[in-house]
Amino acid sequence: MLFYRTLLIFILTIICVSTEEDSLSMTKAERQSLREESRRMFYHAYNAYMDNAYPADELMPLSCKGRWRGVTPSRGDMDDVLGNFSLTLVDSLDMLAIIGDFSEFSRAIKLVIDDVRFDHDIIVSVFETNIRMLGGLLSAHVLATSLKNDVPVLQWYDGELLAMAEDLGKRLLPAFNTSTGIPHGRVNLKHGLRGLADSRETCTACAGTMILEMAALSRLTGNPVFEEKAHKAMDRLWKIRHRTSDLMGTVINIHNGDWVRKDSGVGAGIDSYYEYCLKAYILLGDEKYLARFTRHYNAIMKYISRGPIMLAVHMHRPHLQSRNFMDALLAFWPGLQVLLGDVRPAVETHEMLYQVMQRHTFIPEAFTSDFQVHWGQHPLRPEFLESTYFLHRATGDDHYLRVGKTVLKALQQHTRVPCGYAAVNDVRTRVHEDRMDSFVLAETFKYLYMLFGEDKDLPIKLEDYVLTTEAHFLPLSLATDGKNGSYLSITIDDEDEDKYRKTCPNTASLVAEKVRQPMRQMLGSTAARPPARLRPLNDPRHINALSDMGISVLTLPDGRVQLLYTINTAKSLKDAAEGLTFMKEMFKWNTLSDSENGVVAAGVKVNERILPGGPGHFGKDITGSDRFTGNPVAVDPIDACTPIVNKNDIAGKFGMAIRGQCTFAQKVRHIQEAGGTLAIILDNVKDSSHETTALFAMSGDGKDDIEIPAVFLFTLEGEYLKQAIAENPNIVVTIGELKSIKKQHEVGCDNDNCEIITNPAAVESDNASYEHLKKVLGQLVSQIEMSLTNEEPSKTCSEEIQHVQVSKDKFVNEEARSKACTTNCGVEDNDNVKNIMKLDDDF
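Model, not experiment: these values are computed from the prediction.

> Where do I start with the overall build of the protein chain in this structure?
A count of helices and strands for the protein chain gives 26 helices and 34 strands. Looking at the protein chain as a whole, 59% of its 843 residues are labelled buried. Within the protein chain, contacts between residues separated by at least 24 positions form 70% of all contacts whose residues are at least 6 apart in sequence. Only carbon and sulfur atoms are counted for the fraction: they give 49% of the accessible area of the protein chain, which is about 33,800 Å².

Written out as structure tokens, the structure is:
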């Protein structure tokens, strides 16, 4: 009997595991839907740029205007990418062809030919101009030439972009006039090296990421000088590698070839040098580059790779780690490993990066080996998606489609703004930055589209092209069909080359899931710590992760969620420290204003009064000049947590419901199912108002099935609306973006003079209490740090604190509301300190 019971349990376990694996597959319909959403994301950014910024180089998505070199405020070296040559349009030309919009592709090419000039007295980055501008022109030329015979709208094209590329290439050539052949990092588009006499240093990636574009330019034009210069630079870089370790540093003196910085990794400063060593072999067929890359690759896997972790070392002392953090640019590495055929370590490192992304929603610019934020910025980089795309093509595993979906939804929820997509200044707070780099259109959306698309969706055969570091397309036929063959051949200067040979592993039997699962166990859990702003807290994996950190998640009867932090319930002292970091991030986020959180306030015009309201992170956006007009009608049941009973009354009108009992998304979904064209949610907190409480954006629930817009009104504004309806049941209200609707209807509101009161002043006593609470948090940090170092903890409360009350009547992004923060601090008999901190968050 026991045998059969055990057998039954075993069979059920197999069924459960099998079912879980099957559930990870993605249907064709869902994949097509995500492909189309990727396309719409590109158009949202592209149209915002063309409508508000062109012919400027970049769009500033928060200001909704163009970024010009020498006109908009300088950002220092960051502006070296700008040359007043319509960077974003040129960089994203080939994306228009890839998504099949040939009419816009044709129009955009004509705009570039007519409007773009390079005769500017501007100093630009040689590296960035090469990969973005020169690469963009060459890729668009190659695709237009390839497609013109089959696409009537392109038949006018006659190589104009190639002529422009040659002009630009000649303007970059003076940068190579150095004794070493290693190019200057910057060049003046009009005057060459004038004003750059003191230029002495460049990064390895800057010097070593020229060969693909320059060789393609030579072979397409028949002018060998571009390829000659790039080969010479690559040859000199190879010669100055560290001969014992075969590693490279990150910064070089261009005049004597000495290393300025000798730290060696695979991220910032060196990343694309390795990429171009391998891709130069793929594109040009020159085996010296494969031999060089193989030597570098073995060195990297020996000294830099530590399982899934990639930590920089000193090139001359490769067993000595040079820093304890990684940067986001290393996310390209798994994709490069796939091209080499070494898929298993690619899966491992990609899984590590995915854990970082799950923890912080985005991969921060730099993070420590225990996944803490080192630098919090995230400029919507494409490298992680690039590796996700290549791993999906290599393994066919739908897991990577799910990863791509997670990235897509994060971009949609947290970075989409009315005028494009805004970079994230800090992943912990998700404060926006007025920045949308050209690579967001050229790479990020391109990799998303190709990931969810199928080969038949594309107008070209991907296997006929190599993708540059900026995701531009160069044809493999250049190896044999170009006007200029590969004339440089160098024997690898090592007497024992056999020891560096590498056999590509057989990946036919690789099951990626079997590689990923041990990584998750090694990294600590099956789900990384959720970000401090996660909404809603209904994922059991996240709740378990919080529980390990000593944080309990309690759902209150009125729908609010309370987080309870207790040190001595954490799984370990390290987990307790992690929990404290989480709660500190929650407090930091809670102090942000609505504008810092990126909330674009809505306005509800009732009679002659305009009521400020909060938007939703789901459904149709309320942006710009959009207006929604309709008759508001109360739904039945009034909380809209179950299907609407009075559907006939709601159809074609604005459904009005009361907050509480269920999520905002559930309410709006029921109103949509009843035929409502817009949802108005009224607060259930007594006397709340925008004048005393900051606006917030209503959070979604992870489902993408809501299409109608929604707006939230606080109690006093809701009472005004209900009174207006009582006086006139057929009243028509107008809803739009608050600033826009104020500008339209309020006297004296023009340009940027519309006063929008969404951030109430904090009460002085509240601020004092909050500062006191931060002090307590600092004491807790010291307590945990001492415990982790096995030191005897001292009394953590320098003063007796029994009940510290912090009343923060303030709403913030994604409806988080901190009504009461309580810290109880006392020393127990065993000297263990029990500390409890509460955060009340509303759904």
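> So what exactly am I meant to see when it comes to the nonpolar core here?
As a rule of thumb, soluble globular proteins bury nonpolar side chains together. Core analysis: the biggest nonpolar cluster contains 169 residues, and Leu89, Phe105, Ile211 and Tyr274 have the highest contact counts within it. The leading source of residues in this core is helix α6 (residues 126-147), at 12 residues. Not counting the four nearest positions on each side in its chain, leucine 89 is found in contact with Tyr46, Tyr49, Met50, Tyr54, Ala108, Leu111 and Val112. Core analysis: the second largest hydrophobic core is formed by 26 residues, Ala665, Ala679, Ala710 and Leu738 among them.

> I tried to follow the sheet that holds strand β24 (residues 602-606) on my own but got confused; where do I start?
Strand-to-strand pairing in sheets goes through backbone hydrogen bonds, with the strands running parallel or antiparallel. Taken together, four strands build an open sheet; the order of strands is β25-β24-β31-β26 and the sheet is antiparallel. Looking along the sheet, the strands with just one partner apiece sit at the ends: β25 (609-613) and β26 (627-630). Across the sheet, the mean angle separating the axes of adjacent strands is 20° when strand polarity is ignored. Of the strand pairs in this sheet, β24 and β25 are connected by five bridges, and their pairing is antiparallel. What sits directly across from lysine 605, in β25, is isoleucine 610. Docked against the sheet, helix α25 (residues 738-745) engages β24, β25, β26 and β31 (733-737), running at close to 120° with respect to β31.

> I'm lost on the packing of helix α5 (residues 102-115) against helix α7 (residues 160-172) in this one. Help?
In helix packing, the relevant descriptors are the interaxial angle and the interaxial distance, both defined with respect to the helix axes. The N-to-C vectors of α5 and α7 enclose an angle of 40°; their axes lie 10 Å apart at closest approach. It follows from the interaxial angle that α5 and α7 lie oblique. For the crossing formed where α5 meets α7, the hand is left-handed. Of the residues in α7, those in contact with Ile109, Val112 and Ile113 of α5 are Glu160, Leu161 and Met164. For the contact of α5 with α7, the per-class residue count stands at five nonpolar, no polar and one charged.

> Help me understand the state of the cysteines in this model?
Defined simply, a disulfide is a covalent bond joining two cysteines at their sulfur atoms. Under the definition given, this model contains three disulfides. The disulfide partner of cysteine 64 is cysteine 419, and the S-S distance across this bridge is 2.2 Å. For the disulfide bridge between cysteine 64 and cysteine 419, the dihedral angle about the S-S bond is near 80°, and by the sign convention the bridge is right-handed. Note that cysteine 64 is positioned in the loop between β1 (58-60) and β2 (65-67) and cysteine 419 in the loop between β16 (416-417) and β17 (420-421), a separation of 355 residues in sequence.

> Help me out: how do you make sense of the environment of serine 92 in this one?
One can find serine 92 in the loop between α3 (87-91) and α4 (93-98). For the pair serine 92 and leucine 441, spaced 349 residues apart in sequence, the C-alpha to C-alpha distance is 5.8 Å. Setting aside chain neighbours within four positions, we find serine 92 in contact with Phe42, Tyr46, Leu441 and Ala442.

> Looking at this structure, how should I read the packing of helix α2 (residues 28-52) against helix α17 (residues 438-452)?
Running from N to C, α2 and α17 point in directions that differ by 165°, and their axes come no closer than 8 Å. One finds that α2 runs roughly antiparallel with respect to α17. Regarding α2 and α17, the two cross each other, and that crossing is left-handed. Here α2 contributes Arg31, Leu34, Arg35, Ser38, Arg39, Met41, Phe42, Ala45 and Tyr46 to the contact with α17, which in turn contributes Leu441, Phe445, Leu448, Tyr449, Leu451 and Phe452. Within the contact of α2 with α17, the residues separate by chemical class into 11 nonpolar, one polar and three charged.

> What is the right way to read the side chain of glutamine 412 from this model?
In this fold, glutamine 412 is placed in helix α16 (residues 399-414). For glutamine 412, the side chain forms a polar contact with the side chain of glutamate 37, separated by 3.0 Å.

> Hey, could you run me through the sheet that holds strand β27 (residues 632-634) in this one?
With parallel pairing, the four strands of this open sheet are ordered in space as β27-β28-β29-β30. Strand pairing shows two members of the sheet lacking a second neighbour, β27 and β30 (710-713), which therefore form its edges. Across the sheet, the axes of successive neighbouring strands diverge by a mean angle of 30°, strand direction being ignored. Seen against the sheet, helix α23 (residues 664-673) touches β28 (654-658), β29 (678-682) and β30 and runs at an angle of roughly 140° to β29. Docked against the sheet, helix α24 (residues 715-727) engages β27, β28, β29 and β30, running at close to 105° with respect to β30.

> Quick question: what am I supposed to make of the environment of leucine 138 here?
Mapped onto the fold, leucine 138 is located in helix α6. Along the sequence, leucine 138 and leucine 162 sit 24 residues apart, while their C-alpha atoms lie 6.3 Å from each other. Residues contacting leucine 138, with those up to four places away along its chain left out, are Leu162, Ala165, Glu213, Ala216, Leu217, Leu220 and Leu474.

> Can you help me understand unusual backbone geometry in this one?
A negative phi angle characterises most non-glycine residues, just as the trans form characterises most peptide bonds. With an omega of 10°, the peptide bond running from tyrosine 54 to proline 55 counts as cis. Here proline 55 shows up in the loop between α2 and β1. Going from aspartate 636 to proline 637, the amide bond is cis rather than trans, its omega being 5°. Here proline 637 shows up in the loop between β27 and α22 (647-650). Phi at asparagine 84 is positive, roughly 55°, even though this residue is not glycine. The residue asparagine 84 is located in the loop between β2 and α3 in this model. In this structure, threonine 361 takes a positive phi of about 75° despite not being glycine. Tracing the sequence through the fold places threonine 361 in the loop between α14 (343-360) and β14 (366-368).

> Before we go on, may I ask you to explain the pairing of strand β12 (residues 317-321) in this structure?
Two faces, one strand: in a regular strand the side chains alternate between the faces of the sheet. Relative to β12, strand β11 (residues 313-314) is paired through two bridges, and the arrangement is antiparallel. Counted as the bridge partner of histidine 314 is arginine 317 from β12. Here β11 folds back onto β12, and the loop between the two strands holds two residues.

> It is not clear to me how the side chain of threonine 209 should be interpreted in this structure. Could you clarify?
By secondary structure assignment, the location of threonine 209 is in the loop between α8 (204-207) and α9 (211-221). We classify threonine 209 as buried; its relative accessible area is 0%. Within the structure, threonine 209 has its side chain in polar contact with the side chain of serine 272 (distance 2.7 Å). The contacts of threonine 209, once residues within four sequence positions are left out, are Phe127, Asn130, Ile131, Ser272, Tyr273, Tyr276 and Thr469.

Definitions and cut-offs
Residues numbered from 1 in each chain as written. Predicted model: local features only at pLDDT ≥ 70, side-chain atom pairs only at ≥ 80, totals over all residues. Heavy atoms only, no water. Helix = DSSP H or I, 4+ residues; strand = E, 2+ residues; numbered from the N terminus. Buried < 20%, exposed > 50% of the residue type's maximum accessible area, 1.4 Å probe, protein only. Contact = heavy atoms within 4.5 Å. Areas by Shrake-Rupley, 256 points an atom, 1.4 Å probe, with all protein chains shown as cover. Core = buried A, V, L, I, M, F, W, Y, C linked by side-chain atoms within 4.5 Å. Pairing = 2+ DSSP bridges. Axes fitted to C-alpha atoms, helices over the stretch in contact; angles between N-to-C directions. Parallel < 35°, antiparallel > 145°, perpendicular 65-115°, else oblique. Left-handed = near helix turned anticlockwise from the far one by under 90°. Nonpolar A, V, L, I, M, F, W, Y, C, P; charged D, E, K, R; others polar. Disulfide = S-S within 2.5 Å. Polar contact = N/O pair within 3.5 Å; in protein donor to acceptor, adjacent residues only side chain to side chain.

Scope: geometric values only; no functional claims are made or implied.
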